[in-house]
There are 2 protein chains.
Amino acid sequence: MDQKVDTRSRILNIAEAAVLEKGFEATSIEEIVAGAEISRGGFFYHFKDKNALARAMLERYINAENALYDDLFARARELNDDPLHCMLIGLKLLAEMLEEMPTGHPGCVIASTAYQDRLFDEGVRDLNRQAILGWRKRFRGMFEEIAQVYEPREAVNMDALGDMVSGVVEGGLVLQRALREHNNASEQIMLFRTYLKLLFADKQRP
Amino acid sequence: MDQKVDTRSRILNIAEAAVLEKGFEATSIEEIVAGAEISRGGFFYHFKDKNALARAMLERYINAENALYDDLFARARELNDDPLHCMLIGLKLLAEMLEEMPTGHPGCVIASTAYQDRLFDEGVRDLNRQAILGWRKRFRGMFEEIAQVYEPREAVNMDALGDMVSGVVEGGLVLQRALREHNNASEQIMLFRTYLKLLFADKQRP
DNA sequence: GGGTCAACTGGACTCGCAGTACAGTCAGGA
DNA sequence: TCCTGACTGTACTGCGAGTCCAGTTGACCC
(Lines give C-alpha, C1' and ligand atoms only; values in the text may rest on other atoms or scores of the structure.)
Protein backbone atom coordinates (compact mmCIF):
# COMPACT_ATOMS: atom_id res chain seq x y z
CA MET A 1 0.00 0.00 0.00
CA ASP A 2 3.00 2.26 0.23
CA GLN A 3 5.23 0.41 -2.17
CA LYS A 4 2.68 0.47 -4.89
CA VAL A 5 -0.15 2.94 -5.07
CA ASP A 6 -3.29 0.94 -5.70
CA THR A 7 -4.40 0.84 -9.28
CA ARG A 8 -7.59 2.83 -8.85
CA SER A 9 -5.72 5.75 -7.30
CA ARG A 10 -3.05 5.51 -9.94
CA ILE A 11 -5.72 5.79 -12.65
CA LEU A 12 -7.22 8.80 -10.87
CA ASN A 13 -3.83 10.49 -10.52
CA ILE A 14 -2.96 10.07 -14.17
CA ALA A 15 -6.46 11.03 -15.30
CA GLU A 16 -6.60 14.12 -13.11
CA ALA A 17 -3.30 15.43 -14.42
CA ALA A 18 -4.35 14.81 -18.01
CA VAL A 19 -7.83 16.26 -17.60
CA LEU A 20 -6.56 19.41 -15.93
CA GLU A 21 -4.01 19.87 -18.65
CA LYS A 22 -6.27 19.42 -21.62
CA GLY A 23 -9.84 18.78 -20.60
CA PHE A 24 -11.94 15.71 -20.12
CA GLU A 25 -12.93 14.87 -23.66
CA ALA A 26 -9.44 15.39 -24.95
CA THR A 27 -8.14 12.78 -22.53
CA SER A 28 -8.43 9.29 -23.98
CA ILE A 29 -8.77 6.12 -21.99
CA GLU A 30 -5.93 4.82 -24.15
CA GLU A 31 -3.47 7.29 -22.70
CA ILE A 32 -4.73 6.81 -19.15
CA VAL A 33 -4.16 3.06 -19.31
CA ALA A 34 -0.75 3.66 -20.91
CA GLY A 35 0.20 6.05 -18.11
CA ALA A 36 -1.09 3.78 -15.39
CA GLU A 37 0.46 0.74 -17.06
CA ILE A 38 -2.67 -1.34 -17.11
CA SER A 39 -4.85 -2.81 -19.81
CA ARG A 40 -8.07 -1.32 -21.15
CA GLY A 41 -9.90 -4.16 -19.52
CA GLY A 42 -8.33 -3.18 -16.22
CA PHE A 43 -9.61 0.36 -16.58
CA PHE A 44 -13.18 -0.76 -17.18
CA TYR A 45 -12.91 -3.12 -14.25
CA HIS A 46 -12.52 -0.09 -11.97
CA PHE A 47 -14.76 2.40 -13.77
CA LYS A 48 -17.79 1.36 -15.72
CA ASP A 49 -17.32 4.28 -18.12
CA LYS A 50 -15.73 7.70 -18.42
CA ASN A 51 -18.59 9.23 -16.50
CA ALA A 52 -17.79 7.10 -13.45
CA LEU A 53 -14.21 8.26 -13.73
CA ALA A 54 -15.33 11.89 -13.81
CA ARG A 55 -17.46 11.36 -10.74
CA ALA A 56 -14.64 9.75 -8.79
CA MET A 57 -12.25 12.52 -9.80
CA LEU A 58 -14.66 15.23 -8.74
CA GLU A 59 -15.32 13.55 -5.40
CA ARG A 60 -11.63 13.23 -4.69
CA TYR A 61 -10.93 16.77 -5.79
CA ILE A 62 -13.70 18.27 -3.67
CA ASN A 63 -12.58 16.34 -0.60
CA ALA A 64 -9.02 17.49 -1.09
CA GLU A 65 -10.12 21.09 -1.54
CA ASN A 66 -12.24 20.95 1.61
CA ALA A 67 -9.40 19.42 3.60
CA LEU A 68 -7.14 22.17 2.30
CA TYR A 69 -9.52 24.92 3.42
CA ASP A 70 -9.94 23.23 6.81
CA ASP A 71 -6.21 23.11 7.27
CA LEU A 72 -5.56 26.61 5.96
CA PHE A 73 -8.04 28.37 8.19
CA ALA A 74 -7.14 26.21 11.18
CA ARG A 75 -3.56 27.40 10.80
CA ALA A 76 -4.79 30.97 10.39
CA ARG A 77 -6.87 30.66 13.54
CA GLU A 78 -3.81 29.57 15.47
CA LEU A 79 -2.04 32.73 14.40
CA ASN A 80 -4.87 35.11 15.21
CA ASP A 81 -8.10 34.67 17.06
CA ASP A 82 -9.92 37.64 15.56
CA PRO A 83 -12.25 36.37 12.83
CA LEU A 84 -11.35 39.13 10.37
CA HIS A 85 -7.63 38.66 10.76
CA CYS A 86 -8.04 34.94 10.65
CA MET A 87 -9.78 35.31 7.28
CA LEU A 88 -7.13 37.72 6.02
CA ILE A 89 -4.33 35.36 7.04
CA GLY A 90 -6.15 32.38 5.53
CA LEU A 91 -6.53 34.18 2.19
CA LYS A 92 -2.87 35.17 2.26
CA LEU A 93 -1.92 31.54 2.85
CA LEU A 94 -4.20 30.48 0.01
CA ALA A 95 -2.66 33.04 -2.33
CA GLU A 96 0.85 31.94 -1.39
CA MET A 97 -0.06 28.35 -1.92
CA LEU A 98 -1.38 29.04 -5.40
CA GLU A 99 1.75 30.99 -6.22
CA GLU A 100 4.13 28.33 -5.00
CA MET A 101 2.78 25.70 -7.32
CA PRO A 102 5.63 25.61 -9.80
CA THR A 103 3.59 24.80 -12.87
CA GLY A 104 0.85 27.12 -11.77
CA HIS A 105 -2.25 25.73 -10.13
CA PRO A 106 -3.62 22.71 -11.95
CA GLY A 107 -6.84 24.59 -12.52
CA CYS A 108 -10.14 23.86 -11.03
CA VAL A 109 -12.03 20.74 -11.90
CA ILE A 110 -15.22 22.56 -10.99
CA ALA A 111 -15.02 25.03 -13.85
CA SER A 112 -13.79 22.38 -16.22
CA THR A 113 -16.80 20.25 -15.37
CA ALA A 114 -19.24 23.14 -15.41
CA TYR A 115 -18.32 24.00 -18.98
CA GLN A 116 -18.65 20.46 -20.29
CA ASP A 117 -21.51 19.35 -18.15
CA ARG A 118 -23.58 17.73 -20.86
CA LEU A 119 -20.95 15.03 -20.99
CA PHE A 120 -21.79 14.05 -17.45
CA ASP A 121 -24.78 12.61 -15.70
CA GLU A 122 -26.93 14.30 -13.08
CA GLY A 123 -24.85 12.80 -10.27
CA VAL A 124 -21.70 14.54 -11.41
CA ARG A 125 -23.49 17.85 -11.90
CA ASP A 126 -25.02 17.62 -8.45
CA LEU A 127 -21.66 16.86 -6.88
CA ASN A 128 -20.37 20.02 -8.46
CA ARG A 129 -23.31 22.03 -7.21
CA GLN A 130 -23.07 20.71 -3.67
CA ALA A 131 -19.38 21.53 -3.50
CA ILE A 132 -19.96 25.18 -4.33
CA LEU A 133 -22.92 25.39 -1.95
CA GLY A 134 -20.65 23.93 0.74
CA TRP A 135 -18.07 26.63 0.18
CA ARG A 136 -20.79 29.27 0.19
CA LYS A 137 -21.90 28.05 3.59
CA ARG A 138 -18.36 27.83 4.94
CA PHE A 139 -17.37 31.34 3.95
CA ARG A 140 -20.72 32.88 4.68
CA GLY A 141 -20.37 31.57 8.24
CA MET A 142 -16.95 33.11 8.55
CA PHE A 143 -18.14 36.45 7.19
CA GLU A 144 -21.06 36.51 9.58
CA GLU A 145 -18.67 35.96 12.44
CA ILE A 146 -16.61 38.87 11.19
CA ALA A 147 -19.69 41.05 10.83
CA GLN A 148 -20.54 40.46 14.47
CA VAL A 149 -17.31 42.16 15.43
CA TYR A 150 -16.89 44.66 12.61
CA GLU A 151 -19.77 46.53 11.11
CA PRO A 152 -19.56 46.38 7.32
CA ARG A 153 -19.20 49.81 5.74
CA GLU A 154 -21.57 48.81 2.98
CA ALA A 155 -24.46 46.38 3.07
CA VAL A 156 -23.59 43.20 1.22
CA ASN A 157 -25.41 39.96 0.56
CA MET A 158 -23.59 37.42 2.69
CA ASP A 159 -24.36 34.47 0.43
CA ALA A 160 -22.96 36.36 -2.53
CA LEU A 161 -19.90 37.36 -0.52
CA GLY A 162 -19.37 33.72 0.38
CA ASP A 163 -19.69 32.77 -3.28
CA MET A 164 -17.19 35.45 -4.13
CA VAL A 165 -14.36 33.43 -2.63
CA SER A 166 -15.07 30.56 -5.00
CA GLY A 167 -15.81 32.97 -7.83
CA VAL A 168 -12.57 34.88 -7.44
CA VAL A 169 -10.56 31.65 -7.33
CA GLU A 170 -12.38 30.18 -10.33
CA GLY A 171 -12.19 33.41 -12.27
CA GLY A 172 -8.51 33.82 -11.42
CA LEU A 173 -7.80 30.31 -12.62
CA VAL A 174 -9.64 30.95 -15.88
CA LEU A 175 -7.50 34.05 -16.46
CA GLN A 176 -4.38 32.15 -15.56
CA ARG A 177 -5.16 29.35 -17.97
CA ALA A 178 -6.09 31.66 -20.79
CA LEU A 179 -3.25 34.12 -20.29
CA ARG A 180 -0.62 31.51 -19.50
CA GLU A 181 0.61 33.68 -16.68
CA HIS A 182 1.43 32.27 -13.27
CA ASN A 183 -0.04 34.32 -10.52
CA ASN A 184 -3.36 35.76 -11.67
CA ALA A 185 -5.32 33.62 -9.26
CA SER A 186 -3.22 34.61 -6.28
CA GLU A 187 -3.36 38.27 -7.32
CA GLN A 188 -7.12 38.09 -7.53
CA ILE A 189 -7.30 36.57 -4.07
CA MET A 190 -5.12 39.32 -2.71
CA LEU A 191 -7.40 41.92 -4.28
CA PHE A 192 -10.37 40.24 -2.68
CA ARG A 193 -8.48 40.35 0.62
CA THR A 194 -8.11 44.10 0.21
CA TYR A 195 -11.84 44.26 -0.40
CA LEU A 196 -12.51 42.60 2.93
CA LYS A 197 -10.10 44.95 4.68
CA LEU A 198 -11.97 47.92 3.25
CA LEU A 199 -15.36 46.42 3.97
CA PHE A 200 -14.77 45.53 7.60
CA ALA A 201 -11.63 47.10 9.01
CA ASP A 202 -11.54 50.04 11.38
CA LYS A 203 -15.17 49.88 12.23
CA GLN A 204 -15.17 47.64 15.26
CA ARG A 205 -18.57 47.48 16.94
CA PRO A 206 -18.78 49.00 20.41
CA MET B 1 -29.12 39.05 -46.94
CA ASP B 2 -32.01 39.85 -44.67
CA GLN B 3 -34.44 37.22 -45.91
CA LYS B 4 -32.04 34.40 -45.37
CA VAL B 5 -29.11 34.58 -42.99
CA ASP B 6 -26.06 33.43 -44.92
CA THR B 7 -25.04 29.86 -44.29
CA ARG B 8 -21.78 30.61 -42.55
CA SER B 9 -23.50 32.79 -39.94
CA ARG B 10 -26.24 30.22 -39.56
CA ILE B 11 -23.63 27.57 -38.79
CA LEU B 12 -21.99 29.89 -36.27
CA ASN B 13 -25.31 30.67 -34.59
CA ILE B 14 -26.28 27.04 -34.21
CA ALA B 15 -22.78 26.04 -33.15
CA GLU B 16 -22.48 28.81 -30.58
CA ALA B 17 -25.76 27.92 -28.92
CA ALA B 18 -24.83 24.24 -28.81
CA VAL B 19 -21.29 24.83 -27.58
CA LEU B 20 -22.41 27.17 -24.82
CA GLU B 21 -24.99 24.66 -23.74
CA LYS B 22 -22.84 21.58 -23.62
CA GLY B 23 -19.25 22.31 -24.56
CA PHE B 24 -17.25 22.10 -27.72
CA GLU B 25 -16.37 18.43 -27.85
CA ALA B 26 -19.89 17.40 -26.95
CA THR B 27 -21.21 19.27 -29.99
CA SER B 28 -21.06 17.12 -33.11
CA ILE B 29 -20.78 18.41 -36.63
CA GLU B 30 -23.70 16.10 -37.36
CA GLU B 31 -26.05 18.11 -35.18
CA ILE B 32 -24.72 21.42 -36.42
CA VAL B 33 -25.43 20.51 -40.03
CA ALA B 34 -28.84 19.17 -39.03
CA GLY B 35 -29.64 22.43 -37.24
CA ALA B 36 -28.38 24.57 -40.09
CA GLU B 37 -30.05 22.33 -42.68
CA ILE B 38 -26.98 21.79 -44.78
CA SER B 39 -24.93 18.75 -45.72
CA ARG B 40 -21.67 17.68 -44.07
CA GLY B 41 -19.89 18.65 -47.23
CA GLY B 42 -21.39 22.11 -46.90
CA PHE B 43 -20.01 22.48 -43.41
CA PHE B 44 -16.49 21.58 -44.49
CA TYR B 45 -16.82 23.94 -47.40
CA HIS B 46 -17.04 26.81 -44.89
CA PHE B 47 -14.76 25.51 -42.16
CA LYS B 48 -11.81 23.31 -42.85
CA ASP B 49 -12.23 21.59 -39.48
CA LYS B 50 -13.71 22.05 -36.03
CA ASN B 51 -10.74 24.14 -35.03
CA ALA B 52 -11.55 26.70 -37.72
CA LEU B 53 -15.10 26.78 -36.41
CA ALA B 54 -13.83 27.41 -32.87
CA ARG B 55 -11.65 30.23 -34.10
CA ALA B 56 -14.47 31.91 -35.98
CA MET B 57 -16.79 31.56 -32.99
CA LEU B 58 -14.25 33.06 -30.63
CA GLU B 59 -13.54 35.95 -32.99
CA ARG B 60 -17.22 36.73 -33.31
CA TYR B 61 -17.82 36.41 -29.60
CA ILE B 62 -14.92 38.67 -28.65
CA ASN B 63 -16.01 41.33 -31.14
CA ALA B 64 -19.54 41.24 -29.78
CA GLU B 65 -18.29 41.49 -26.20
CA ASN B 66 -16.08 44.44 -27.06
CA ALA B 67 -18.91 46.21 -28.85
CA LEU B 68 -21.08 45.59 -25.82
CA TYR B 69 -18.54 47.12 -23.44
CA ASP B 70 -18.08 50.09 -25.79
CA ASP B 71 -21.79 50.70 -25.85
CA LEU B 72 -22.33 50.13 -22.14
CA PHE B 73 -19.69 52.57 -20.97
CA ALA B 74 -20.57 55.10 -23.64
CA ARG B 75 -24.10 55.11 -22.28
CA ALA B 76 -22.73 55.37 -18.75
CA ARG B 77 -20.56 58.30 -19.77
CA GLU B 78 -23.58 60.11 -21.12
CA LEU B 79 -25.24 59.77 -17.74
CA ASN B 80 -22.29 60.92 -15.68
CA ASP B 81 -18.99 62.50 -16.59
CA ASP B 82 -17.14 61.55 -13.44
CA PRO B 83 -14.95 58.52 -14.21
CA LEU B 84 -15.82 56.71 -10.99
CA HIS B 85 -19.53 57.18 -11.38
CA CYS B 86 -19.31 56.28 -15.03
CA MET B 87 -17.67 52.99 -14.04
CA LEU B 88 -20.25 52.35 -11.33
CA ILE B 89 -23.11 52.99 -13.75
CA GLY B 90 -21.48 50.84 -16.42
CA LEU B 91 -21.15 47.93 -14.01
CA LYS B 92 -24.75 48.36 -12.93
CA LEU B 93 -25.86 48.24 -16.55
CA LEU B 94 -23.73 45.15 -17.10
CA ALA B 95 -25.23 43.44 -14.07
CA GLU B 96 -28.75 44.30 -15.21
CA MET B 97 -28.03 43.02 -18.66
CA LEU B 98 -26.81 39.69 -17.31
CA GLU B 99 -29.86 39.43 -15.14
CA GLU B 100 -32.31 40.18 -17.89
CA MET B 101 -31.19 37.32 -20.04
CA PRO B 102 -34.11 35.01 -19.49
CA THR B 103 -32.24 31.73 -19.76
CA GLY B 104 -29.34 33.17 -17.84
CA HIS B 105 -26.24 34.31 -19.66
CA PRO B 106 -25.07 31.84 -22.27
CA GLY B 107 -21.78 31.57 -20.43
CA CYS B 108 -18.49 32.76 -21.58
CA VAL B 109 -16.75 31.18 -24.50
CA ILE B 110 -13.46 32.32 -23.02
CA ALA B 111 -13.65 30.01 -20.00
CA SER B 112 -15.07 27.24 -22.09
CA THR B 113 -12.14 27.51 -24.46
CA ALA B 114 -9.57 27.92 -21.70
CA TYR B 115 -10.57 24.65 -20.09
CA GLN B 116 -10.43 22.64 -23.28
CA ASP B 117 -7.54 24.39 -24.89
CA ARG B 118 -5.63 21.34 -26.01
CA LEU B 119 -8.36 20.78 -28.53
CA PHE B 120 -7.43 24.02 -30.21
CA ASP B 121 -4.42 25.32 -32.07
CA GLU B 122 -2.14 28.15 -31.01
CA GLY B 123 -4.19 30.67 -33.01
CA VAL B 124 -7.31 30.04 -30.98
CA ARG B 125 -5.42 30.16 -27.70
CA ASP B 126 -3.78 33.41 -28.69
CA LEU B 127 -7.11 34.94 -29.63
CA ASN B 128 -8.34 34.09 -26.18
CA ARG B 129 -5.27 35.58 -24.57
CA GLN B 130 -5.45 38.79 -26.57
CA ALA B 131 -9.09 39.28 -25.68
CA ILE B 132 -8.38 39.17 -21.96
CA LEU B 133 -5.34 41.41 -22.33
CA GLY B 134 -7.56 43.85 -24.24
CA TRP B 135 -10.06 43.94 -21.41
CA ARG B 136 -7.22 44.36 -18.90
CA LYS B 137 -6.03 47.40 -20.83
CA ARG B 138 -9.54 48.81 -21.20
CA PHE B 139 -10.42 48.61 -17.52
CA ARG B 140 -6.96 49.46 -16.29
CA GLY B 141 -7.23 52.71 -18.27
CA MET B 142 -10.58 53.47 -16.70
CA PHE B 143 -9.29 52.75 -13.20
CA GLU B 144 -6.27 54.98 -13.72
CA GLU B 145 -8.58 57.79 -14.76
CA ILE B 146 -10.55 57.24 -11.59
CA ALA B 147 -7.39 57.16 -9.48
CA GLN B 148 -6.43 60.58 -10.82
CA VAL B 149 -9.55 62.00 -9.26
CA TYR B 150 -9.97 59.77 -6.22
CA GLU B 151 -7.04 58.54 -4.18
CA PRO B 152 -7.41 54.81 -3.57
CA ARG B 153 -7.68 53.95 0.11
CA GLU B 154 -5.45 50.97 -0.39
CA ALA B 155 -2.67 50.43 -2.90
CA VAL B 156 -3.77 48.02 -5.60
CA ASN B 157 -2.11 46.65 -8.70
CA MET B 158 -3.97 48.31 -11.54
CA ASP B 159 -3.40 45.47 -14.01
CA ALA B 160 -4.83 43.02 -11.51
CA LEU B 161 -7.77 45.32 -10.83
CA GLY B 162 -8.42 45.50 -14.56
CA ASP B 163 -8.28 41.71 -14.75
CA MET B 164 -10.69 41.53 -11.85
CA VAL B 165 -13.56 42.72 -14.03
CA SER B 166 -13.06 39.78 -16.40
CA GLY B 167 -12.32 37.47 -13.49
CA VAL B 168 -15.45 38.38 -11.59
CA VAL B 169 -17.60 37.92 -14.70
CA GLU B 170 -15.96 34.61 -15.61
CA GLY B 171 -16.07 33.37 -12.03
CA GLY B 172 -19.69 34.42 -11.68
CA LEU B 173 -20.61 32.59 -14.85
CA VAL B 174 -18.86 29.43 -13.64
CA LEU B 175 -20.87 29.59 -10.41
CA GLN B 176 -24.04 30.22 -12.34
CA ARG B 177 -23.47 27.26 -14.63
CA ALA B 178 -22.53 24.92 -11.83
CA LEU B 179 -25.25 26.03 -9.41
CA ARG B 180 -27.96 26.36 -12.02
CA GLU B 181 -28.99 29.63 -10.45
CA HIS B 182 -29.74 32.74 -12.46
CA ASN B 183 -28.09 35.79 -11.06
CA ASN B 184 -24.77 34.81 -9.54
CA ALA B 185 -22.81 36.65 -12.19
CA SER B 186 -24.76 39.86 -11.74
CA GLU B 187 -24.49 39.57 -7.96
CA GLN B 188 -20.75 39.17 -8.22
CA ILE B 189 -20.52 42.23 -10.42
CA MET B 190 -22.54 44.23 -7.92
CA LEU B 191 -20.20 43.10 -5.14
CA PHE B 192 -17.25 44.21 -7.23
CA ARG B 193 -18.99 47.54 -7.71
CA THR B 194 -19.22 47.91 -3.95
CA TYR B 195 -15.51 47.18 -3.81
CA LEU B 196 -14.80 50.08 -6.12
CA LYS B 197 -17.02 52.37 -4.09
CA LEU B 198 -15.08 51.48 -0.96
CA LEU B 199 -11.73 51.73 -2.70
CA PHE B 200 -12.23 55.13 -4.29
CA ALA B 201 -15.21 56.97 -2.91
CA ASP B 202 -15.10 59.88 -0.50
CA LYS B 203 -11.45 60.50 -0.99
CA GLN B 204 -11.42 63.04 -3.78
CA ARG B 205 -7.98 64.44 -4.38
CA PRO B 206 -7.57 68.14 -3.56
C1' DG C 1 -27.52 30.77 -74.94
C1' DG C 2 -23.22 29.19 -73.32
C1' DG C 3 -19.57 29.51 -69.92
C1' DT C 4 -18.01 30.14 -65.39
C1' DC C 5 -17.89 30.28 -60.64
C1' DA C 6 -19.34 29.97 -55.82
C1' DA C 7 -22.04 27.42 -52.94
C1' DC C 8 -23.32 23.76 -52.10
C1' DT C 9 -25.17 18.02 -52.05
C1' DG C 10 -24.29 13.17 -51.38
C1' DG C 11 -21.84 9.21 -50.83
C1' DA C 12 -17.94 6.45 -49.85
C1' DC C 13 -14.01 5.87 -47.22
C1' DT C 14 -10.31 5.98 -43.17
C1' DC C 15 -9.17 6.56 -38.53
C1' DG C 16 -9.37 7.04 -33.59
C1' DC C 17 -11.84 6.42 -29.52
C1' DA C 18 -15.68 4.71 -26.26
C1' DG C 19 -17.75 0.96 -24.78
C1' DT C 20 -18.95 -4.28 -24.76
C1' DA C 21 -17.93 -9.02 -24.22
C1' DC C 22 -15.63 -12.50 -22.72
C1' DA C 23 -12.08 -16.02 -22.08
C1' DG C 24 -8.00 -16.63 -19.70
C1' DT C 25 -4.21 -15.69 -15.92
C1' DC C 26 -2.44 -15.25 -11.41
C1' DA C 27 -1.74 -14.38 -6.43
C1' DG C 28 -3.50 -14.80 -1.86
C1' DG C 29 -6.72 -16.35 1.58
C1' DA C 30 -10.34 -19.89 3.66
C1' DT D 1 -7.77 -27.16 -3.20
C1' DC D 2 -10.84 -24.01 -4.64
C1' DC D 3 -12.42 -19.44 -4.89
C1' DT D 4 -12.28 -14.73 -5.69
C1' DG D 5 -10.64 -10.19 -6.88
C1' DA D 6 -7.76 -7.94 -9.88
C1' DC D 7 -6.53 -7.93 -13.61
C1' DT D 8 -4.67 -9.09 -19.25
C1' DG D 9 -5.63 -9.55 -24.13
C1' DT D 10 -8.29 -9.70 -28.01
C1' DA D 11 -11.94 -9.02 -30.89
C1' DC D 12 -15.93 -6.53 -32.05
C1' DT D 13 -19.64 -2.53 -32.58
C1' DG D 14 -20.68 2.11 -33.28
C1' DC D 15 -19.95 6.98 -33.63
C1' DG D 16 -17.91 11.14 -34.95
C1' DA D 17 -14.05 13.75 -37.41
C1' DG D 18 -12.01 14.48 -41.38
C1' DT D 19 -10.89 13.43 -46.59
C1' DC D 20 -12.06 12.97 -51.38
C1' DC D 21 -14.52 13.77 -54.98
C1' DA D 22 -18.03 13.79 -58.52
C1' DG D 23 -22.03 16.06 -59.47
C1' DT D 24 -25.87 19.88 -59.08
C1' DT D 25 -27.80 24.50 -58.96
C1' DG D 26 -28.45 29.28 -59.45
C1' DA D 27 -26.47 33.93 -60.46
C1' DC D 28 -24.02 36.86 -63.22
C1' DC D 29 -21.33 37.79 -67.47
C1' DC D 30 -20.49 38.06 -72.30
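Look up a bit, the structure's there.
Keep in mind that what you see is a predicted model, and the values were worked out from it rather than measured.

Caption draft 1: Region of the structure containing the overall build of chain A. Each helix and strand counted, chain A has 9 helices and 0 strands in total. In terms of overall dimensions, chain A has C-alpha extents of about 65 × 35 × 35 Å along its principal axes. Counting over 206 residues, chain A shows a buried share of 53%. Put simply, 70% of the contacts in chain A that link residues at least 6 apart link residues at least 24 apart. Only carbon and sulfur atoms are counted for the fraction: they give 49% of the accessible area of chain A, which is about 9200 Å². Of note, chain A has its 26 positive side-chain charges centred 3 Å away from the centre of its 33 negative side-chain charges.

Caption draft 2: Summary view of the protein's contact with DNA strand D. Near DNA strand D, the surroundings consist of 17 residues, among which A:Thr7, A:Ser39, A:Tyr45, A:His46 and B:Arg40 are the closest. In this structure, A:Thr7 approaches DNA strand D through a side-chain N or O atom, which is 2.8 Å from a phosphate oxygen. The side chain of B:Arg40 places a nitrogen or oxygen atom 2.6 Å from a base nitrogen of DNA strand D. Sorting the residues of the surface near DNA strand D by element identifies α3 (40-46) of chain A together with α2 (29-36) and α3 (40-46) of chain B as the ones contributing at least two each.

Caption draft 3: Representation of the packing of helix α5 (residues 83-100) of chain B against helix α7 (residues 122-149) of chain B. Residues and elements named next belong to chain B. With their axes 8 Å apart at the nearest point, α5 and α7 run at an angle of 140° to one another. The angle between α5 and α7 places the two elements in the oblique class. Where α5 abuts α7, its residues Pro-83, Leu-84 and Met-87 lie against Phe-139, Met-142, Phe-143, Glu-145, Ile-146 and Val-149. Taken together, the residues of the contact of α5 with α7 break down into 8 nonpolar, no polar and 1 charged.

Caption draft 4: Seen up close, the interface of chain A and chain B. Tallying the contact residues gives 52 residues for chain A and 52 residues for chain B. Roughly 4800 Å² is buried in total at the junction of chain A and chain B, and carbon and sulfur atoms are behind 64% of that figure. Three residues stand out in chain A for area buried against chain B, namely A:Tyr115, A:Leu191 and A:Leu198, and they jointly supply 17% of the buried area on that side. At the junction of chain A with chain B, the criterion picks out 4 salt bridges. With a shortest N-O distance of 3.6 Å, B:Glu154 and A:Lys197 are connected by a salt bridge. Our count for the contact surface shared by chain A and chain B stands at 12 residue pairs in polar contact (both at pLDDT 80 or more).

Caption draft 5: Spotlight on unusual backbone geometry. All names here are of chain A. Positioned with a positive phi, Glu-37 is a non-glycine residue whose angle comes to about 55°. With respect to the helices and strands, Glu-37 occurs in the loop between α2 (29-36) and α3. Residue classification places Glu-37 among the exposed positions, given a relative accessible area of 70%.

Caption draft 6: Representation of the nonpolar core. Ranked by size, the top nonpolar core spans 142 residues in total, and within it A:Phe143, A:Leu161, A:Phe192, B:Phe143, B:Leu161, B:Phe192 and B:Phe200 carry the most contacts. Residues within four places of B:Phe192 in sequence aside, it is in contact with A:Met164, B:Leu91, B:Phe143, B:Leu161, B:Met164, B:Val165 and B:Val168.

Caption draft 7: Geometry of helix α8 (residues 158-179) of chain B. Residue and element names in this part refer to chain B. If you check α8, its first and last C-alpha atoms are 31 Å apart, about what 22 residues at 1.5 Å a residue would give, namely 32 Å. The sharpest bend along α8 measures roughly 30° and falls at Met-164. Buried residues dominate α8, accounting for 21 of its 22 residues. For α8, the N-terminal capping position is held by Asn-157, with its side-chain oxygen 2.8 Å away from the main-chain nitrogen of Asp-159. In the segment just after α8, Arg-180 is the residue with positive phi, at about 60°.

Conventions we followed
- Residues numbered from 1 in each chain as written.
- Chains lettered and ligands numbered in written order.
- Predicted model: local features only at pLDDT ≥ 70, side-chain atom pairs only at ≥ 80, totals over all residues.
- Heavy atoms only, no water.
- Helix = DSSP H or I, 4+ residues; strand = E, 2+ residues; numbered from the N terminus.
- Buried < 20%, exposed > 50% of the residue type's maximum accessible area, 1.4 Å probe, protein only.
- Contact = heavy atoms within 4.5 Å.
- Areas by Shrake-Rupley, 256 points an atom, 1.4 Å probe, with all protein chains shown as cover.
- Lys, Arg positive; Asp, Glu negative; His and termini not counted.
- Charge placed at Lys NZ, Arg CZ, Asp CG, Glu CD.
- Near = heavy atom within 4 Å.
- Polar contact = N/O pair within 3.5 Å; in protein donor to acceptor, adjacent residues only side chain to side chain.
- Axes fitted to C-alpha atoms, helices over the stretch in contact; angles between N-to-C directions.
- Parallel < 35°, antiparallel > 145°, perpendicular 65-115°, else oblique.
- Nonpolar A, V, L, I, M, F, W, Y, C, P; charged D, E, K, R; others polar.
- Buried area = accessible area lost by both parts, 1.4 Å probe.
- Salt bridge = Lys/Arg side-chain N within 4 Å of Asp/Glu carboxyl O.
- Core = buried A, V, L, I, M, F, W, Y, C linked by side-chain atoms within 4.5 Å.
- Expected span 1.5 Å × (residues − 1).
- Bend = angle between axes of the 7 residues up to and from the residue.

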